[in-house]
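Examination of the molecular architecture
Here are the chains, one letter per residue:
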Amino acid sequence: MTSCVFCSIISGDIPSKKIYEDEHTYAFFDISQVTKGHTLVVPKHHHKNLFELPESEVSHVFKTVQKVATALNKTFSPAGLNLVNNNGEAAGQTVFHYHVHLIPRYDQADGYQAKWVEHGAEYTEEKLEQMQTQLISSLSSSH
Ligand code: AMP
Ligand code: ZN
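Residues numbered from 1 in each chain as written. Chains lettered and ligands numbered in written order. Predicted model: local features only at pLDDT ≥ 70, side-chain atom pairs only at ≥ 80, totals over all residues. Heavy atoms only, no water.

**Structural notes on the sheet that holds strand S3 (residues 39-43)**
Note: strands within a sheet are paired through backbone hydrogen bonds, in either parallel or antiparallel orientation. The test is simple: Here, a strand pair is defined by DSSP locating no fewer than two bridges between the strands. Under the DSSP-based scheme used, a helix requires at least four consecutive residues in state H or I and a strand at least two consecutive residues in state E, with every element numbered from the N terminus. Fitted lines through C-alpha atoms serve as axes, helices being fitted only where they are in contact, and the angles separating the N-to-C directions of these axes extend from 0 to 180 degrees.
Read from one edge of the open sheet, five strands run S1-S2-S3-S5-S4, paired in antiparallel fashion. Unpaired on one side and paired on the other, strand S1 (18-21) and strand S4 (80-84) mark the two borders of the sheet. Neighbour-to-neighbour, the strand axes of this sheet turn through a mean angle of 20°, independent of strand direction. Where S3 lies against strand S5 (residues 100-105), three bridges are found, and the strand directions are antiparallel. When the sheet's bridge partners are listed, Val-41 is paired in S5 with Val-100.

Quick look at the structure:
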């Protein structure tokens, strides 16, 4: 048995509440059910995080994300739905097999919370333009 819990789920060595499966992806209920219907979508191949996910897998994963999100909407009629993807320990990742959380939202007290602290006032036009130049430069040298 592999040491990756999601690889073990995909291979059937660990049980899961499977929602959907195709050639490239697998979707199952998150055991923590932060809100009703909380689902994880994973690529069948083991990739640690977004940075290691091959470009060819991205469309497969997000096609399944959209398919399952649509089914969650139809089935449980949530008021909204958050997609969450933690990359790296510092970002809250605990299972290092790429996955997207689908978290149906019902109300403010439904179990999911994301804290947004605005820091816009700390960035001058000049600082933002410098950051913009840096990032655009990284993008143009990455292919
Ligand atoms: P993350 O913190 O983004 O890496 O999320 C990992 C998620 O995997 C958590 O929400 C866990 O509840 C979920 N999880 C861990 N083990 C299992 C399991 N055996 N079956 C279903 N979900 C799991
Ligand atoms: Zn894995």
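**Some points on the site of ligand 1**
In plain terms, the rule: Nearness is judged by heavy atoms alone; a residue qualifies as near a molecule or strand once a single heavy atom is within 4 Å of it. Nitrogen and oxygen atoms within 3.5 Å of one another constitute a polar contact, given that in protein one can donate a hydrogen and the other can accept it, and given that sequence-neighbouring residues count only through two side-chain atoms. Per-residue and other accessible areas follow the Shrake-Rupley method at a 1.4 Å probe size, with only the shown protein chains counted as cover for residues. Nonpolar residues are Ala, Val, Leu, Ile, Met, Phe, Trp, Tyr, Cys and Pro. Charged residues are Asp, Glu, Lys and Arg, and all others, Gly as well, are polar.
In the neighbourhood of ligand 1, 16 residues make up the surrounding shell, with Asp-30, Asn-86, Thr-94, His-99 and His-101 lying closest. Between an oxygen atom of ligand 1 and a side-chain N or O atom of Asn-86, the distance comes to 2.8 Å. Here Val-95 contributes a backbone N or O atom positioned 3.0 Å from an oxygen atom of ligand 1. Out of a free accessible area of 500 Å², ligand 1 has 82% covered by protein chains. Secondary structure elements with two or more residues in the shell around ligand 1: helix H1 (5-11) and strand S2 (25-29). For the shell around ligand 1, the element with the most residues is H1, which contributes three residues. In terms of residue class, the shell around ligand 1 is built from eight nonpolar, seven polar and one charged.

By themselves, these are just geometric observations and shouldn't be taken as functional.
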